[in-house]
Amino acid sequence: MIKILIIEDDEEMCEELSDILTDEHYIVDVCHNGEQGVEAIKFEVYTIVLLDLKMPVMRGEEVLKYVKEKHPLIKVIVLTGSPRPKNILQQQQEEEILFMNGNANNDILKLADSVINKPFDVEKMLTKIKELAGA
Amino acid sequence: MLIEIILCFSVFFQLAAVFYALRYIKTTRHVFSWILISAALIIMIVRRVIPLYGLIVNSVSYPVIFQEWLGLILSVMMFLGVKGIGRIFIERLENEKKISYLATFPELSPNPICEIDKNGNVTYKNPAALEFDKKGICYPCNLSPEEIKDIYSKKDEDRVSQEKKCGDKWYFQTIQFIPRTGSVRFYNIDITERKKAEEELMRYKNGLENIVREKTEELKKTYKELEDGRRLYDIGMLAATIAHELRNPLGVIKFAVYNIKRKSNDHSLDSQLANIDKKIEESDLIIRNLLTYSRIKTPHYEEVPICEVLKLCICNCQSKYSKYDVQIDIKSNCASGYTIEADSLHINELFSNILDNAYQSFADKKGIIEINIDCDQQKKMVIVIFRDNGTGIDKADLPKIATPFFTTKARGIGLGLAVCKQVVNLHKGEFNIESVKDKGTTVMVLLPIRKKI
């Protein structure tokens, strides 16, 4: 069974998302901030982490850095609300790999296996998760 | 005995007189000294002759004592005379010497000095002034009658000074009135060099002032642009925050809709759920449009294939306004793949906004847009001209169109042209709009080919 950890401070979001993923036969754990997420990763083996960036206690970027340093095998999908496409022509070709705007650390974000924009296209997201889980 | 004593005294005075006379000869070397000496000798002779004279004339022998007294008196007189006259004479001589020395002051001065009398006649010119006369060079001693009159009007002031231009030279003129004779003296100093330096300084100062004025104007303009830019930037920041905050709940709604659809299996709900989905998409579009304003800040320079970006914008517009029947003609003299240094997102935003406005100006959803791209390497600018035959802009509205939040449309927030202007300003280009109501609008964009610092 593939285990997925959702680190996201919005409870309703977690509820709906875990509902969808459970229905797809994944085992889903939920954490509401970055610190809890890091603790959870220490005790459980997850295949995929769905990570929000804007969170209390510990920001998503820090969690991403930690995960990629300590557990490089875990796939991380970043969920973001404000993307900045790298280049207008590239935007047309690769819609999924988007980079953060503003003061967020763009370089850190490159560590992520995938970045998905809010509001989500559910089908696309499920395909991506399936692809990463299979790899 | 008495006779001997008197004789001694008179000899002493005679010798003293001769001594003084010799001294004066030595110091003055003047003929008058010789006269004194001669006088002394004559008196001595006379003194010897007087007894003889008495003897001859009267045959009366004066007493010897009388002769000797007379001799002494004459000797004393001679001594006093020689001494007193000599002193006066030496004093006069010394004065003369002093005066002749003082006279060298104006005489040797390299600056022209002159004096005129009441009638304006020149009474004195020093050699320097005469030199000027000889050479025929202008100098301030040659005064016109008006000038003399003018100078005399200032007579009550003891001393007047003025700067006087003469030919290409400048003189500082000190004017002194001599009340005793009524004459006027002029002392002139050549200050051409100083004047030149002053003029240079003045020119420099004026130049500086001009530069400061220019720079102030420039600063004012830049400040205004900055202010506008700042406003857009603030809007952008606000937009980015709102967008981010709104996307979270939108995401949840979308998941919830997906779950409802999955769990209910009730097809009667489908149209409602589809509507929710559609409105979520619309909300997202609004957010995405708002977000573009947050990107209007310092350009992220890269090589931008300008024609390709323009074509992409046209494609996007055509799919966005699929119900419109618009003919787009492109004329271009640019090689394909021709790039300029710019921010691709900004350029995309710029062209999209201009095309949006053009499309929205077609009241009956029909029209022609002409686009002309001129990549003239020599001008260092790419010129893109968009010409439409839409409704155009009211003359009264033209100055306001680039103001943020100004709009004449029922839908829209009025940032399109503000963003265009800001983008062009950020790239240090030029942005112009000309429009005739009911005839159409022409938008001209000039962008530097290479990044301008």
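A.B. asks: Describe in detail the overall build of chain A, supporting the description with residues and values.
C.D. replies: If you tally the helices and strands in chain A, you get six helices and seven strands. Element order for chain A, N to C, with α for helix and β for strand: β-α-β-α-β-α-β-β-α-β-α-β-α. Within chain A, the proportion of its 135 residues that are buried is 54%. The long-range share in chain A, meaning contacts at least 24 apart out of those at least 6 apart in sequence, stands at 67%.

A.B. asks: Summarise helix H6 (residues 192-264) of chain B; cite the residues concerned and give the values.
C.D. replies: Compared with the 108 Å implied by 1.5 Å per residue over 73 residues, the 104 Å span of H6 of chain B between its first and last C-alpha is a close match. Where H6 of chain B ends, the next residue or the one after it, Asn-265 of chain B, has phi of about 55°, a positive value.

A.B. asks: A description of the pairing of strand E8 (residues 339-342) of chain B should follow, citing residues and the corresponding values.
C.D. replies: Residues in a regular strand project their side chains so that they alternate between the two faces of the sheet. Residue and element names in this part refer to chain B. Burial of E8 is one-sided: the residues Ile-340 and Ala-342 facing one way are buried, the residues Thr-339 and Glu-341 facing the other way are not. Pairing geometry for strand E6 (residues 302-305) and E8, over four bridges, is antiparallel. Across the sheet, residue Pro-305 finds its bridge partner in E8, namely Thr-339.

A.B. asks: I'd love a proper account of the environment of Ile-253 of chain B, names of residues and values included.
C.D. replies: All names here are of chain B. Along the polypeptide, Ile-253 turns up in helix H6. Ile-253 sits 23 residues away from Ile-276 along the chain, and the two C-alpha atoms are 8.7 Å apart. In this structure, Ile-253 is in contact with Ile-276 and Ile-280, ignoring residues within four places of it in sequence.

A.B. asks: A description of the interface of chain A and chain B should follow, citing residues and the corresponding values.
C.D. replies: In many reports, interface size means the accessible area that the parts give up when they come together. Taken together, the contact pairs 29 residues of chain A with 28 residues of chain B. Summing the contributions of chain A and of chain B, the shared interface buries around 2,700 Å²; its carbon and sulfur component is 59%. Seen at the junction of chain A and chain B, the total is three salt bridges. The partner of Asp-19 of chain A in a salt bridge is Arg-262 of chain B, with the nearest N and O atoms 3.9 Å apart. Connecting chain A to chain B are three residue pairs in polar contact (both at pLDDT 80 or more). Those elements that place two or more of their residues in the side of chain A that touches chain B are helix H1 (11-23), strand E5 (83-84), helix H4 (88-93) and helix H6 (122-134) of chain A. If one sorts the elements of the side of chain A that touches chain B by residue count, H1 of chain A sits on top with seven residues. Among the residues forming the side of chain A that touches chain B, the class breakdown is 12 nonpolar, five polar and 12 charged.

A.B. asks: Give me the lowdown on H1 of chain A, citing residues and values where you can.
C.D. replies: All names here are of chain A. An ideal rise of 1.5 Å per residue puts 18 Å on 13 residues; H1 measures up with 18 Å between its terminal C-alpha atoms. Listed in full, the buried residues belonging to H1 are Met-13, Cys-14, Glu-16, Leu-17, Ser-18, Ile-20 and Leu-21. At the N-terminal end of H1, a side-chain oxygen is found 3.1 Å from the backbone nitrogen of Glu-12, two or three residues along, and the residue is Asp-10. Count one or two residues on from H1 and you reach His-25, which has phi positive near 70°.

A.B. asks: Tell me what's going on with the packing of helix H2 (residues 34-43) of chain A against helix H3 (residues 60-70) of chain A, and back it up with residues and numbers.
C.D. replies: All names here are of chain A. Where H2 contacts H3, the axes come no closer than 9 Å and their chain directions differ by 15°. In terms of orientation, H2 lies roughly parallel with respect to H3. With respect to the hand of their crossing, H2 and H3 are arranged in right-handed fashion. Across the interface between the two elements, Gly-34, Val-38, Ile-41 and Lys-42 from H2 touch Val-63, Tyr-66 and Val-67 from H3. Looking at side-chain class alone, the contact of H2 with H3 contains five nonpolar, one polar and one charged residues.

A.B. asks: Before we move on, can you summarise the pattern of salt bridges with the specific residues and values?
C.D. replies: Residue and element names in this part refer to chain B. On inspection of all chains with the given rule, the structure shows 29 salt bridges over all chains. Two residues, Arg-194 and Glu-198, come together in a salt bridge whose shortest N-O distance is 3.5 Å. Highlighted residues: Arg-194 and Glu-198, both in helix H6, separated by four residues, approximately one helical turn. The partly exposed category is assigned to Arg-194, whose relative accessible area is 41%. Ionic pairing is found between Lys-400 and Asp-397, a salt bridge with its closest N-O pair at 3.9 Å.

Quick notes on the rules
- Residues numbered from 1 in each chain as written.
- Chains lettered and ligands numbered in written order.
- Predicted model: local features only at pLDDT ≥ 70, side-chain atom pairs only at ≥ 80, totals over all residues.
- Heavy atoms only, no water.
- Helix = DSSP H or I, 4+ residues; strand = E, 2+ residues; numbered from the N terminus.
- Buried < 20%, exposed > 50% of the residue type's maximum accessible area, 1.4 Å probe, protein only.
- Contact = heavy atoms within 4.5 Å.
- Expected span 1.5 Å × (residues − 1).
- Pairing = 2+ DSSP bridges.
- Buried area = accessible area lost by both parts, 1.4 Å probe.
- Salt bridge = Lys/Arg side-chain N within 4 Å of Asp/Glu carboxyl O.
- Polar contact = N/O pair within 3.5 Å; in protein donor to acceptor, adjacent residues only side chain to side chain.
- Nonpolar A, V, L, I, M, F, W, Y, C, P; charged D, E, K, R; others polar.
- Axes fitted to C-alpha atoms, helices over the stretch in contact; angles between N-to-C directions.
- Parallel < 35°, antiparallel > 145°, perpendicular 65-115°, else oblique.
- Left-handed = near helix turned anticlockwise from the far one by under 90°.

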